[in-house]
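Chain and residue survey
What follows is each chain in one-letter form.
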Number of protein chains: 4
Amino acid sequence: MAHTIKDKAKLIARVRRIRGQVEAVERALEAELGCTDVLMLVASLRGAVHGLSSEVMEDHIRNHVVNPDTDPDPERAKGAAELIEVVRTYLK
Amino acid sequence: MAHTIKDKAKLIARVRRIRGQVEAVERALEAELGCTDVLMLVASLRGAVHGLSSEVMEDHIRNHVVNPDTDPDPERAKGAAELIEVVRTYLK
Amino acid sequence: MAHTIKDKAKLIARVRRIRGQVEAVERALEAELGCTDVLMLVASLRGAVHGLSSEVMEDHIRNHVVNPDTDPDPERAKGAAELIEVVRTYLK
Amino acid sequence: MAHTIKDKAKLIARVRRIRGQVEAVERALEAELGCTDVLMLVASLRGAVHGLSSEVMEDHIRNHVVNPDTDPDPERAKGAAELIEVVRTYLK
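Scope of this entry: the structure provided in the associated data block. (Residues numbered from 1 in each chain as written. Chains lettered and ligands numbered in written order. Predicted model: local features only at pLDDT ≥ 70, side-chain atom pairs only at ≥ 80, totals over all residues. Heavy atoms only, no water.)

**A few points about the relation of the copies chain D and chain C**
Superposition of chain D onto chain C requires a rotation of 180° combined with a translation of 0.0 Å along the rotation axis, giving an RMSD of 0.0 Å. What the superposition gives is, in effect, a two-fold axis relating one chain to the other. Relative to the rotation axis, the C-alpha of Arg19 of chain D is the closest in chain D, positioned 3.2 Å from it. (Least-squares fit on C-alpha atoms with pLDDT ≥ 70 in both.)

Structure below.
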């Protein structure tokens, strides 16, 4: 993925939290918790997976397309910064 | 959840497959797989979580609101059958 | 749709606001407004269409499946109230 | 938006089709069509708005970040092509 070490650690921590949420859904089903509780856990899981999508896409833009913080072309840097903002809005 | 045993087993099997998909994303990040590969794995995970949402909601309708296959009121049974179809369309 | 007159009027007002948002996107494209402005207008439109989906589905549950406010069976009324809450969470 | 004339014409045609779909939902409500018919029209509208989001975002990437077909840097061109593919997958 050629991400910075810091980005990679952040993403892996996020994926592990998602694994914890999936396990919580599994336990809720095993324990025959109320349907609404299960649905609310699944809703949180959906939100977390959407957040992960957005972060991986942002990292891809920064590392493989244009990094808005370092690109020498100001127009392209602005376009990339706007794109990242839009990705966050749409994928949340 | 007071689901039938069969529904519960199906849902748990589905959640376990999702856990496997989360672990695949984690391994892909650890192995520094290409960004696009990671994004495609996350896209599959999103799809699977959407499918789970839809199935849990359908079970809730059948078990706690109106079961279209057994409800004695034909109008209400039709309304519930249509609702389930719509939930499948919207949540996929 | 056999909705109450009040529900119907509310839904039509909502659809007309959405038409106004679509026209705003069209004008923004015609006027060659900045891409980010167009994307933000489209994001608002998405949100409004999701809100409409949720409201039409809620009306369907109340009018054709189970109305949680009037159903004589307390378990079924509770199941329908929970379902409406969940639909709002998932479709927003 | 500084798009090519061709992109702009395509987007405006797409927005006009969406306006037609909104008007169809309005007519269906006015005519008190069945709830499921209304919900299916709203589902099509959602799909069309998601398609518009994806196309506007793709145009933004091509015109304001990196055009994969013309960028002189092959790595960056590849990153942008992958990004466009991913946007299409996620926003549909």
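**Overview of helix α2 (residues 35-65) of chain A**
Spanning 31 residues, α2 of chain A covers 43 Å between terminal C-alpha atoms, matching the ideal 45 Å at 1.5 Å per step. Extensive coverage of α2 of chain A is indicated by the burial of 22 of its 31 residues. (Helix = DSSP H or I, 4+ residues; strand = E, 2+ residues; numbered from the N terminus. Expected span 1.5 Å × (residues − 1). Buried < 20%, exposed > 50% of the residue type's maximum accessible area, 1.4 Å probe, protein only.)

**A few points about the side chain of Ser54 of chain C**
Within the secondary structure, Ser54 of chain C is located in helix α2 (residues 35-65). With near-sequence residues (within four places) excluded, Ser54 of chain C lies in contact with Val87, Arg88 and Leu91 of chain C. (Contact = heavy atoms within 4.5 Å.)

**With respect to the interface of chain D and chain C**
The interface is formed by 35 residues belonging to chain D together with 35 residues belonging to chain C. Approximately 3,200 Å² of surface area, both sides summed, lies buried where chain D meets chain C, with 70% of it carried by carbon and sulfur atoms. Our enumeration of links across chain D and chain C arrives at eight salt bridges. Counting across the interface, chain D meets chain C through 12 residue pairs in polar contact (both at pLDDT 80 or more). (Buried area = accessible area lost by both parts, 1.4 Å probe. Salt bridge = Lys/Arg side-chain N within 4 Å of Asp/Glu carboxyl O. Polar contact = N/O pair within 3.5 Å; in protein donor to acceptor, adjacent residues only side chain to side chain.)

**Some details on the nonpolar core**
In this structure, Met57 and Tyr90 of chain A, Met57 and Tyr90 of chain B, Met57 and Tyr90 of chain C together with Met57 of chain D are the most contacted members of the largest nonpolar core, which totals 112 residues. In this structure, Met57 of chain D is in contact with Leu83, Val86, Val87 and Tyr90 of chain A, Leu39 of chain C together with Val87 and Leu91 of chain D, ignoring residues within four places of it in sequence. (Core = buried A, V, L, I, M, F, W, Y, C linked by side-chain atoms within 4.5 Å.)

**Points about unusual backbone geometry**
Residue and element names in this part refer to chain A. Of note in the backbone geometry, Glu32 takes a positive phi value of approximately 55° without being a glycine. The topology assignment puts Glu32 in the loop between α1 (5-30) and α2. Accessibility expressed as a relative area gives 40% for Glu32, which makes it partly exposed.

**Some words on the layout of surface pockets**
In this structure, the largest pocket encloses a volume near 1,200 Å³. Secondary-structure elements contributing two or more residues to the lining of the largest pocket are α2 and α3 (74-91) of chain A, α2 (35-65) and α3 (74-91) of chain B, α2 and α3 (74-91) of chain C together with α2 (35-65) and α3 (74-91) of chain D. Considering only residue class, the lining of the largest pocket consists of 12 nonpolar, 12 polar and eight charged. (1 Å grid on protein atoms, 1.4 Å probe; cavity = no way out; pocket = protein on both sides within 12 Å on 5 of 7 lines; lining within 4 Å. Points joined across faces, edges and corners; volume = space filled by probe spheres on them. Nonpolar A, V, L, I, M, F, W, Y, C, P; charged D, E, K, R; others polar.)

**Re the relation of the copies chain A and chain B**
Expressed as a screw transformation, the operator carrying chain A onto chain B has a rotation angle of 180° and an axial translation of 0.0 Å, and the superposed copies differ by an RMSD of 0.0 Å. The fraction of interface residues of chain A whose copies in chain B are also interface residues reaches 100%, indicating that both copies meet through the same surface.

**A short note on the interface of chain A and chain B**
Residue-level contacts link 35 residues of chain A with 35 residues of chain B. Surface buried jointly by chain A and chain B totals about 3,200 Å² across both partners, of which 70% is contributed by carbon and sulfur atoms. Salt-bridge contacts for Arg16 of chain A lead to Glu26 of chain B; the nearest nitrogen and oxygen are separated by 2.9 Å. Linking chain A with chain B are 11 residue pairs in polar contact (both at pLDDT 80 or more), by the criterion used here. Broken down by secondary-structure element, the contributors of at least two residues to the side of chain A that touches chain B are α1 and α2 of chain A. Take the side of chain A that touches chain B: its biggest share by element is 15 residues, from α2 of chain A.

**Side note on the packing of helix α1 (residues 5-30) of chain C against α2 of chain C**
Residues and elements named next belong to chain C. Packing of α1 against α2 brings their axes to within 10 Å, and their N-to-C directions diverge by 165°. As the angle between them shows, α1 and α2 are arranged roughly antiparallel. Crossing of α1 against α2: the hand is left-handed. When grouped by side-chain class, the residues that make up the contact of α1 with α2 number 16 nonpolar, four polar and five charged. (Axes fitted to C-alpha atoms, helices over the stretch in contact; angles between N-to-C directions. Parallel < 35°, antiparallel > 145°, perpendicular 65-115°, else oblique. Left-handed = near helix turned anticlockwise from the far one by under 90°.)

**Some remarks on the pattern of salt bridges**
Following the criterion strictly, the structure yields 48 salt bridges over all chains and no others. Note that Glu32 of chain B is salt-bridged to Lys8 of chain A, the shortest N-O span being 3.0 Å. On the criterion of chain membership, the pair formed by Glu32 of chain B in the loop between α1 (5-30) and α2 and Lys8 of chain A in helix α1 is interchain, its members lying in two chains. A salt bridge links Arg62 of chain B to Glu58 of chain B, with the shortest nitrogen-to-oxygen separation between them at 3.2 Å. Placement of the pair is Arg62 of chain B and Glu58 of chain B together in helix α2, with a separation of four residues, close to one helical turn. Look at Glu58 of chain B and you get buried, because its relative accessible area is 12%. Members of the salt-bridge network, linked through shared partners, are Arg16, Arg19 and Glu23 of chain A together with Glu26 and Glu30 of chain B.

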